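# What the coordinates show
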Amino acid sequence: QVRLVESGGGLVQAGGSLRLSCAASGNIFSIDDMGWYRQVPGKQRELVAVIIKGGITNYLDSVKGRFTISRDNAENTVYLQMNSLKPEDTAVYYCYLRKVASALPYWGQGTQVTVSS
């Protein structure tokens with residue numbers, strides 16, 4: 001019904017940058033918000049960044065000033081620019097999309113980000 005495909009993950013040294021992309025396709029009639037979660041094995045998934053409606057954004061405290069989320073509405077694509085990466089940013093990053101507020105989200109398959117010290 002809705003498909004999310006992530007790309008842009010990889011291996012980078014501390015202090016480096018990566019840009020993640022998430023392209024949505026399928027039966028998309030509206031978008032309330034899109035964003036990114038990340039998960040480390042053995043730990044709870046945590047919300048990293050979200051962008052809603054008119055472009056309002058929110059970030060996990062530990063990534064503020066380093067990560068920037070943006071959206072291309074015409075292409076139904078969300079991006080996460082990650083700068084000044086730290087080893088603790090290492091995780092699998094998952095994008096999500098919600099058609100309306102309070103709806104269950106659609107999920108991407110995840111893209112691995114590994115930051116070496």
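As a starting point, this report considers the structure included with it. Only a predicted model underlies this, so the values are computations on that prediction, with no experimental measurement involved.

Opposite charge on two side chains makes pairing possible when the charged atoms of those side chains draw close. Within the structure shown, the criterion is met by five salt bridges. Asp 33 is the salt-bridge partner of Arg 98, the closest N and O atoms lying 2.8 Å from each other. Taken together, the residues Arg 98 in strand E9 (residues 91-98) and Asp 33 in strand E4 (residues 33-39) connect sequence positions 65 residues apart. Note that Asp 89 and Arg 66 form a salt bridge whose closest N and O atoms lie 2.8 Å from each other. On the criterion of sequence distance, the pair formed by Asp 89 in the loop between strand E8 (77-82) and E9 and Arg 66 in the loop between strand E6 (56-59) and strand E7 (67-72) is long-range, its members being 23 residues apart. On the basis of relative accessibility, which here comes to 1%, the residue Asp 89 falls in the buried class. Through salt bridges with shared partners, a single network forms among Arg 38, Glu 46, Arg 66 and Asp 89.

So, on to the nonpolar core. In this structure, Trp 36, Val 48, Phe 67, Leu 80, Met 82 and Tyr 93 are the most contacted members of the largest nonpolar core, which totals 26 residues. Elements with a minimum of two residues in this core: strand E1 (2-7), strand E3 (18-26), E4, strand E5 (46-52), E7, E8, E9 and strand E11 (111-116). Sequence-distant contacts of Met 82, that is, excluding residues within four places in its chain, are made with Gly 16, Ser 17, Leu 18, Leu 20, Arg 66, Phe 67, Tyr 93 and Val 113.

In this structure, Ser 102 sits in the loop between E9 and strand E10 (106-107). Here the alpha-carbon distance between Ser 102 and Asp 32, two residues 70 residues apart in the chain, equals 9.3 Å.

The pairing of strands in a sheet happens through backbone hydrogen bonds and is either parallel or antiparallel. The strand order across the open sheet formed by four strands is E1-E3-E8-E7, and the pairing between neighbours is antiparallel. Two strands close off the open sheet at either side, each with one partner strand: E1 and E7. The mean angle between the axes of side-by-side strands here comes to 15 degrees, regardless of whether they run parallel or antiparallel. Note that E1 and E3 share six bridges and pair antiparallel. Looking at E3, one finds that Arg 3 is bridged to Ser 25.

This next bit is on the state of the cysteines. Counting across every chain of the model gives one disulfide. Disulfide partner of Cys 22: Cys 95, at an S-S distance of 1.9 Å. One quick way to see it: the torsion about the S-S bond of Cys 22 and Cys 95 is about 50 degrees, and its sign makes the bridge right-handed. Residue Cys 22 is located in strand E3, and its partner Cys 95 is located in strand E9; the two are separated by 73 residues in the primary sequence. Assigned by exposure class, Cys 22 and Cys 95 land together as buried.

Thresholds applied
Residues numbered from 1 in each chain as written. Predicted model: local features only at pLDDT ≥ 70, side-chain atom pairs only at ≥ 80, totals over all residues. Heavy atoms only, no water. Salt bridge = Lys/Arg side-chain N within 4 Å of Asp/Glu carboxyl O. Helix = DSSP H or I, 4+ residues; strand = E, 2+ residues; numbered from the N terminus. Buried < 20%, exposed > 50% of the residue type's maximum accessible area, 1.4 Å probe, protein only. Core = buried A, V, L, I, M, F, W, Y, C linked by side-chain atoms within 4.5 Å. Contact = heavy atoms within 4.5 Å. Pairing = 2+ DSSP bridges. Axes fitted to C-alpha atoms, helices over the stretch in contact; angles between N-to-C directions. Disulfide = S-S within 2.5 Å.

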